[in-house]
Amino acid sequence: MDCHVSSNVEVVPGNGTVALVGQPNVGKSVLFQRITGSHAIVSNYPGTTVEVTRGQARLLPNTVVLDTPGVITFPPHTEDERVTERVLLQEPLKAVLQVGDAKNLRRTLLLTVQLAEMGLPLVLSLNMMDEANARGVVVDHTVISDSLSLPVIPITAIRGEGIEELTKAVQSAPSSSIHINYPNEIEFALADICAYLPDAPISHRALALLWLSGDLVIEEWLQHRLDSNDLDEITARRLILQEALGKLPSDVIQVSRLDFVQGVVNAALVDAGTGWGGTSKTVEHLMIHPLWGLPILAVVLYALYWFVGVFGAGFLVDLIEGGLFNQVINPWVITWVNRLIPIPILVDFLVGEYGLWTVGMTYALALILPIVTTFFLAFALLEDTGYLPRLAVLTNRLFSLLGLNGKAVLPMILGLGCVTMATLTTRVLEHKRERILVTFLLALAIPCSAQLGVVMGMLAGISFGATLIWSSVLLVVFLVVGWLAARVVPGERSSLLVELPPLRWPVPSNLIIKTIARLEWYLKEVIPLFLIGTAALFVLDRAGILSWITNAAEPLVTGWLGLPAEASTAFLMGFLRRDFGATGLFVMESQGLLSPAQVVVAMVTVTLFVPCLASVLMMYKERGWRTAVEIVLLTFPLAFLVGGLLYRLLTVVGWGL
Amino acid sequence: MSPKGWRKHFHRRRRRRCHDALSRISCALADVPPGCQARIVSFSNAIPANRKEHLQAYGMVPGFWVRVIQQSPVTVIQIEHTELALEAELAREVQVGEIK
């Protein structure tokens, strides 16, 4: 295959898959929704679309559209970017539709030339024309079209403008053919390497360029298709090139591309637009202001607390659990189960003390679902307005103490909703070390909304001081253990680099679609494990193991923590269902069995204690069984250690005895 | 002072700040006063390769101008119509030439 010609892919008419590719925050997902009219996660915070979303194109017959994670440039550096590259390498694509930000032409075109060199049929859509117009940016897209020999369509996806023209262009897109001249040393190396490359969906020239840039996904892909001799040859050739250049080939390649792109930009950019002011700009800057950022954050956090805690956990739960389930549904279910099923043990299994329906399902639907729904809705709001990257900026210094950077705030906040989902979201962090540290902190010190609802209810019932003690202890543990862990886990800290997208009004339909998508995931992944946990408790109770554990753990629970022996069952329950642990203690407290100090100690221990079954399984899936076991083995003694110390501290001080 | 007067006063103060910064011999992005524009000269060797690639992909390339919006709590710059936030640690590794 000739390495000096980029286009070698035939256009497949009719059926096929079209991939949406683009940098983060350009509106890919909005366009996806417009084209397919189907559900997809819409977000402008990079990394949230971790899975590739597929949909049937409404206006194109027999065409599937693929929404890929955002990629800034190739070679890929994050898991998301790697997924996008794999799509280009492995999916049989009819065309690639790049979505670009019209007001940021240079960085858009930098990606365009990389995609064009791959030789697939390519269409460039310049999105967010409304924002470009508002800033006075004027682009002559015909110039770009001529220079790069590909269709360029200005659109505003959010208003549906330009979509029809875009669809037509995608249907008849020709293979892209551009040729950028790289310095001679690189051209020679390209020719040499191309001779070894196997057939591929993308052009040999692009493959070779990525190989020279040190692309690990390409390396993996080639390792499966080349024998070791050929692999050694091209590795050696790359080394020779690097020595000849005196610097990294990827550097030189990127500079050549930048030169080329700048030429196109100079010709196509009629007006670069002015720096714009306005209220939204002022608000954006206040949000990350060293002084004003914090009160704004406090307001946001309070609003979050009010919406999820007061409205969700209070009003909605009372309505659904207290009203609907306790008064209407459950009595009905209990009556009918008793009537239809003659076997007592089965009746107990379904509607008894640890009944699958009365306890398992009721809690899942009536207690947890409303809380989690309000949380996901609030989180979607934070995402879509563009506040989250600003939150990363504000919290960056704090996280740098823990060997992380501000980006870690995303899984941490999500963990307040569901630790299991947050553990999955650690994928947005760039390095393995960060993912391990955040997973550990999530398991240890972040209470999920299921637990938060009950814990805060209990503590608020005692006094505000109790809540203060609980939250301060958690914060201290979070910081101290996080700081220690950062020293133990090997690796370097990566410094913060994040884009701050313009503050935008969230589109209500997007918020709802995102929340529903997350709820679907939650219902499928987490709730079944809740039910399994409930069933396991039933079995343990029946087999007498529950009481055995109570007795065995007595010295630890009574002697060290200063709690009554029954509390140990609560801890075990807390492992199977995080909210159970707290509710078990709630019951004891309402029976007057616990003093305020004991309640606080119990709450602290339960929160620090191992996270629920669902998140342990997620830890195993994401990080492997060894890390998962290590984390569990660490959090267990830590929880009891802190609980016991707190008990002694409160005794000495004389609080709440 | 009238609103126009305040604006003129502010611009004059800003130009003086930028001019003072220019007189320093080696200037990093972290040293550029907020409100000024700076021309990128080079990246130091201490910068990790993937960070450098990302910054260049956004358009922070030797020879081009960026506007510094603030330096605390992190460095925030504007390239084209994109705002980027980066830690001072990174901003120190980017050398700039002219400032205006």
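Cut-offs applied
- Residues numbered from 1 in each chain as written.
- Chains lettered and ligands numbered in written order.
- Predicted model: local features only at pLDDT ≥ 70, side-chain atom pairs only at ≥ 80, totals over all residues.
- Heavy atoms only, no water.
- Contact = heavy atoms within 4.5 Å.
- Buried area = accessible area lost by both parts, 1.4 Å probe.
- Salt bridge = Lys/Arg side-chain N within 4 Å of Asp/Glu carboxyl O.
- Polar contact = N/O pair within 3.5 Å; in protein donor to acceptor, adjacent residues only side chain to side chain.
- Helix = DSSP H or I, 4+ residues; strand = E, 2+ residues; numbered from the N terminus.
- Nonpolar A, V, L, I, M, F, W, Y, C, P; charged D, E, K, R; others polar.
- Pairing = 2+ DSSP bridges.
- Core = buried A, V, L, I, M, F, W, Y, C linked by side-chain atoms within 4.5 Å.
- Buried < 20%, exposed > 50% of the residue type's maximum accessible area, 1.4 Å probe, protein only.
- Axes fitted to C-alpha atoms, helices over the stretch in contact; angles between N-to-C directions.

Colleague: Quick rundown of the interface of chain A and chain B? Include the residues and the values.
Modeller: Counting residues at the interface gives 41 residues for chain A and 31 residues for chain B. Summed over both partners, the interface of chain A with chain B comes to about 3,400 Å²; 52% of that surface belongs to carbon and sulfur atoms. Where chain A packs against chain B, one counts 5 salt bridges. Between E83(B) and K281(A) there is a salt bridge whose closest N-O contact spans 2.4 Å. Where chain A touches chain B, the interface holds 23 residue pairs in polar contact (both at pLDDT 80 or more). Per-element accounting of the side of chain A that touches chain B gives the leading share, 5 residues, to helix α11 (residues 249–268) of chain A. Counted by class, the side of chain A that touches chain B contains 16 nonpolar, 13 polar and 12 charged residues. The pairing of strand β9 (residues 497–500) of chain A with strand β5 (residues 82–86) of chain B spans 4 bridges and is classified as antiparallel. Residue pairing in the sheet places E499(A) in a bridge with L84(B) of β5(B).

Colleague: Tell me about the nonpolar core, residues and numbers included.
Modeller: Buried together is how nonpolar side chains tend to be arranged in soluble globular proteins. Residues and elements named next belong to chain A. If you look at the biggest cluster of nonpolar residues, it comprises 107 residues, and the most contacted ones within it are Y522, L585, M603 and L608. Contacts of L608, omitting those with residues within four sequence positions, involve A443, L444, A445, L474, V477, T635, A639 and V642. Within the second largest apolar cluster, 65 residues are counted, among which are V87, L148, A189 and L231.

Colleague: So what's going on with the sheet that holds strand β5 (residues 122–127) of chain A? Which residues, and what values?
Modeller: All names here are of chain A. An order of β2-β3-β1-β4-β5-β7 is seen for the 6 strands of this open sheet, with the pairing classed as mixed. Lying at the two open borders of the sheet, with one neighbouring strand each, are β2 (53–56) and β7 (152–154). For this sheet, the mean angle separating the axes of adjacent strands, direction not counted, is 25°. Bridging between strand β4 (residues 93–101) and β5 involves 6 bridges; their strand directions are parallel. For D101, the partnering residue across the bridge sits in β5 and is N127. Where helix α5 (residues 141–148) meets the sheet, it contacts β5 and β7, and its direction lies at approximately 160° from that of β7.

Colleague: Just give me the short version of unusual backbone geometry, but keep the residues and values in it.
Modeller: One can expect most non-glycine residues to show negative phi and most peptide bonds to be in trans. Following F74(A), the chain continues into P75(A) via a peptide bond in cis, with omega recorded as 0°. Tracing the chain through its elements places P75(A) in the loop between β3 (63–67) and α2 (79–90). With an omega dihedral of 0°, the bond running from S72(B) to P73(B) counts as a cis peptide bond. Inspection of the secondary structure assignment puts P73(B) in the loop between β3 (65–70) and β4 (75–79). Look at N25(A): it is not a glycine, yet its phi comes out positive at around 70°.

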